[in-house]
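Here's the letter readout for the chains.
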Amino acid sequence: MALDPKYAPLFEPIKIGPKILRNRFYQVPHCIGAGSDRPGFQAAHRSLKAEGGWAGINTEYCSIHPESDDTHRLSARLWDDGDVHNLRAMTDHIHKYGSLAGVEMWYGSSHAPNMESRCTPRGPSQYNSEFENLTYCKEMDLDDITHVQQYYVEAALRARDAGFDIVYVYGAHSYLPLQFLSPYYNKRKDKYGGSLENRARFWIETLEKVGKAVGNDCAIATRFAIDTLYGPSSIEIEEDGLHFIELADPLVDLWDVNIGDIAEWGEDAGPSRFYRQGHQLPWTIHVKRIAKKPVLGVGRFTDPEKMMEIVRSGAADIIGAARPSIADPFLPNKILEGRVDDIRVCIGCNVCISRWEIGGPPMICTQNATAGEEYRRGWHPERFPKKTSDDSILIVGAGPSGSECARVLMERGYTVHLYDTSEKIGGHLNDIITLPGLGEWGYHRDYRESQLAKLIKKNKHSQLSLGQNPMTVENVLKYGADKIVIATGSSWNTDGNNGLTHDSIPGIDASNNWTLTPEQVFSGKKKIGKRVVILNADTYFMSPSIAEQLAKNGHEVTIVSGVHLANYMHFTLEYSNMRRRLHELHVQELNDVFASRAEEGHLEIFDTYGDGSTRIYAGPGKLPRRENDTHRSIEFDSLIVVTGRHSNDSLYRELKTQQGDWSANGIKGVYIIGDAEAPRLIADATFTGHRLAREIEETNPQFPLPYKREVAIYGAQRMQNFNPLIEYKF
Amino acid sequence: MKILVPIKQVVTLDEDFEFTPDNRDVDHDFHIYDLNEWDDYSLEEALLIKESNDSPIEIIVCTVGNEYADESLRKCLAKGADRAIRVWSNELKNTDSIGIARIIAHIARREEPQLILTGVQSSDFAHSTTGVATAGILGWPYAAVVNRFEPDHDFTKASILRELEGGLEEAMNIDLPAVITIQVGINKPRYASLRGIKQAQSIPIEEATPDSLGMIDSEIGESGSASIIKKMFIPEKLSTAIIIEGTPAQQASKLAKIINDFKGV
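Residues numbered from 1 in each chain as written. Chains lettered and ligands numbered in written order. Predicted model: local features only at pLDDT ≥ 70, side-chain atom pairs only at ≥ 80, totals over all residues. Heavy atoms only, no water.

A. Layout of the interface of chain B and chain A. On the side of chain A, 23 residues touch chain B, which itself brings 15 residues to the contact. Across the chain B/chain A interface, buried area totals approximately 1,400 Å², and carbon plus sulfur atoms make up 50% of it. It is Tyr191, Leu194 and Arg195 of chain B in chain B that bury the most area against chain A; as a group they hold 45% of the surface buried on that side. Across the chain B-chain A interface, the total number found is three salt bridges. Every element with two or more residues in the side of chain B that touches chain A is listed here: strand 3 (32–35) and helix 5 (194–201) of chain B. Examining the composition of the side of chain B that touches chain A, we find that five residues originate from one element, helix 5 of chain B, more than from any other. For the side of chain B that touches chain A, the class distribution of residues is six nonpolar, two polar and seven charged. (Contact = heavy atoms within 4.5 Å. Buried area = accessible area lost by both parts, 1.4 Å probe. Salt bridge = Lys/Arg side-chain N within 4 Å of Asp/Glu carboxyl O. Helix = DSSP H or I, 4+ residues; strand = E, 2+ residues; numbered from the N terminus. Nonpolar A, V, L, I, M, F, W, Y, C, P; charged D, E, K, R; others polar.)

In structure tokens form, the structure reads like this:
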């Protein structure tokens, strides 16, 4: 297979300042949870993309000074020689593949709470951040401006020493340069405030100084939110947006443009629930009218046809991507090799982003279970260790974990039978993708479906057995497999059992005709009445999604939620628009309210904090607080219970009780993965299947092998003139 | 009692392939082999008959082909066929479906099955002739495109349903032994278990030749065939694609007009 000639323009080199990008695929800066303190993770994750064909690969946002410290979130840092040393690993590994390494120099101002450094952030005016409410910046005087600009210069010099080819002055996502540019932040009356030229001055001067310092060696890039989506009170593309491009164009070698701010940066990293591929184009398409320098933009581009449309129409010169590069680090090479069908398409769920929002645990990806595991577990997304035995494996359940386990085992050369009662692989994902906006999540299933079809052709003894009767213990024992993997998923609780009371709720029973679990909503067999109450104790998407779907179909929907409704959707950047959607659909919400009992037509609810605030020990058998007296009743025609899930693990547990029969039936081991082991995110279910497949020949593959940890070592000197031992200053 | 299930290892092709130098076949390097889809159903029907009968039934699968075809025979053995016969010699190259039917007829004369179940057709050549030609050569009754088969108690008759055009079905009775060509959808073919696959590896496949079956020269290969392939080629594509342009509303109305014109409204 070879490159389809129509995609050849995507592989034409392009000059950016003193450097040349070998093609048009460019990983824009994005967080992974590595920063400068996990250099192996950083180097492996980024250089793998160089191997996969990306011509330019960046760090995440990289702080230029302790004054811009984002702790509790995780950025890279270029504060000292120790950081230079650590980031050098990334640039060296990227250079091996002929790609360019970039660093996004970042100063956050009041958006960075400086919780580690305890420095005071500085900004154009004084304000507290709309993103970090308790963080106020100090208004810069002219000395401060020169001082902070010097931070950029010194960081740029360290970046050059670390081997970076592209050095950014980062002014998207409302960070410092944009705070000067935007009248939303900048209220100054001096030469740095007022007119566009004045508001642009800080950014322009910084670009000049950085360019003077490293411009001969490095390409100077700037990331610019060309429209902050606030209307006239901030940056609009055809006003200040294009005017700034005109002013700064002579000083930059590469424009990296996007839209939005930091508080709602899901308008940039648009989740598929709300935004399709190329959603920023109505704004970014204008940039090339003015810019004479190469322009790149993002928009979850995964389809080479769309990429070609962008390049051919002159909307941009270079295809920027963050999430698509995580889902498939080999996307460019797959296009180059004519293997477009093999691309693991980003589903736009933003679970990768959720980890940064949570505060910086290693990034995960729903589609690509190896993301974040490159260094610590040594997992390559496209290459697998060959099998070490002729063991054949039966996997019961073809949902996210079972299908991923089967795929990886087959890639390794094992004979695998993947067995499911459904006619299609995908498990519960087949239901989820019918929810409003979640259709693209189906790419998770589609990728595995197409890969399994190819792998089965390579090993005729492997088999996809779909539409089958449920497996019994006897079936499994007699099946003839050496190893058994149980991936039977989970179900929503039918009795109101929930994580708040860890108990069922009297009267709730999904076998009656007025109570439904989400599965029963999907199956469509039970009639749903006009007035719907959704009883919620789950903090992800299920309740708001069902509410949206039913409200659109004319039901009057009330959500009774004992937990922060859709709290995890803050982290996936879906929260704001989900809220707007429920508001538009007149979905009612009762928050911090839960249910104590149900009968047909009535749900007894109470305020979760309706008990007494004073705590006393009143002896055994008595509550230490005044009893909750807020109970009252609301009416419904149908009650939908989204209170919690439980593993469908009976087959596994029964097999365990018959462990004595295993060896007589040639069974060496029985393992459990995915939701069947414990309900979890699709990304984590996929991971468990992948991991088991990688480690199936270990002594007890049910439990993961240890991974390489990157931790500080007491007493180790991380750079010259650094005393690692305890020393007090008296 | 025996049921004979002739099967075919068919060829599927990827997008890219080349023809042999004589242009009479696709280069074998591009062949991807699989068991003919229809034969999955005829085998399943045989297995169901065996499982629902008290008296012992032996299911014999047979095919004509070189050693590559063993894979499909073993697939049938893994699912529960009892015995497999593969017929091959180099003279059998270029044998058409009539020539194949002659071979099956010889196997039938030797094995004396009470029933022959074939697929309606093969997915690669789609002649739909092997089964009925076998019946013709044997002088047996036959029924084609059968989607229900119910033998009577002593296996001398069967009542069947045949799928006709336009959603019609035809009910008839047939005397056994007979050749029945089985339509997809008559049942739900089972999958082999890993145990079945492992056991099938150790079942010997009988390797027969036209000679060993007692065939004479005029029955073998091109001599026994009714047709020969002159040439294989990819027909020229006539481009009939129309790009519908305009606003979404304009596009919709143009599309509606095309559909109505096509329907003759």
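Right, picking up where we left off after that structure.
B. Region of interest: the environment of valine 146 of chain B. Residue and element names in this part refer to chain B. Assignment of secondary structure puts valine 146 in strand 7 (residues 142–151). Considering only alpha carbons, one finds valine 146 and isoleucine 180, 34 residues apart in sequence, at a separation of 6.9 Å. The contacts of valine 146, once residues within four sequence positions are left out, are Ile160, Leu161, Arg162, Ile180, Thr181, Ile182, Gln183 and Ile186.

C. Just the sheet that holds strand 8 (residues 157–163) of chain B, in detail. Residue and element names in this part refer to chain B. Pairing within the open sheet is mixed, and its nine strands lie in the order 9-8-7-10-6-1-4-5-11. Each edge of the sheet is formed by a strand with only one pairing partner; in this case those strands are strand 9 (169–175) and strand 11 (206–208). Going from strand to strand, the sheet's axes swing by 35 degrees on average, the running direction of each strand aside. Bridging between strand 4 (residues 58–64) and strand 5 (residues 83–87) involves five bridges; their strand directions are parallel. Across the sheet, the residue bridging to cysteine 62 is isoleucine 85, located in strand 5. Of the strands in this sheet, strand 1 (2–6), strand 4, strand 5, strand 6 (115–119) and strand 11 touch helix 3 (residues 97–111), which is tilted by about 140 degrees from strand 5. Running at roughly 175 degrees to strand 10 (residues 178–182), helix 4 (residues 130–138) makes contact with strand 6, strand 7 and strand 10 of the sheet. (Pairing = 2+ DSSP bridges. Axes fitted to C-alpha atoms, helices over the stretch in contact; angles between N-to-C directions.)

Coordinates in, geometry out; function isn't part of it.
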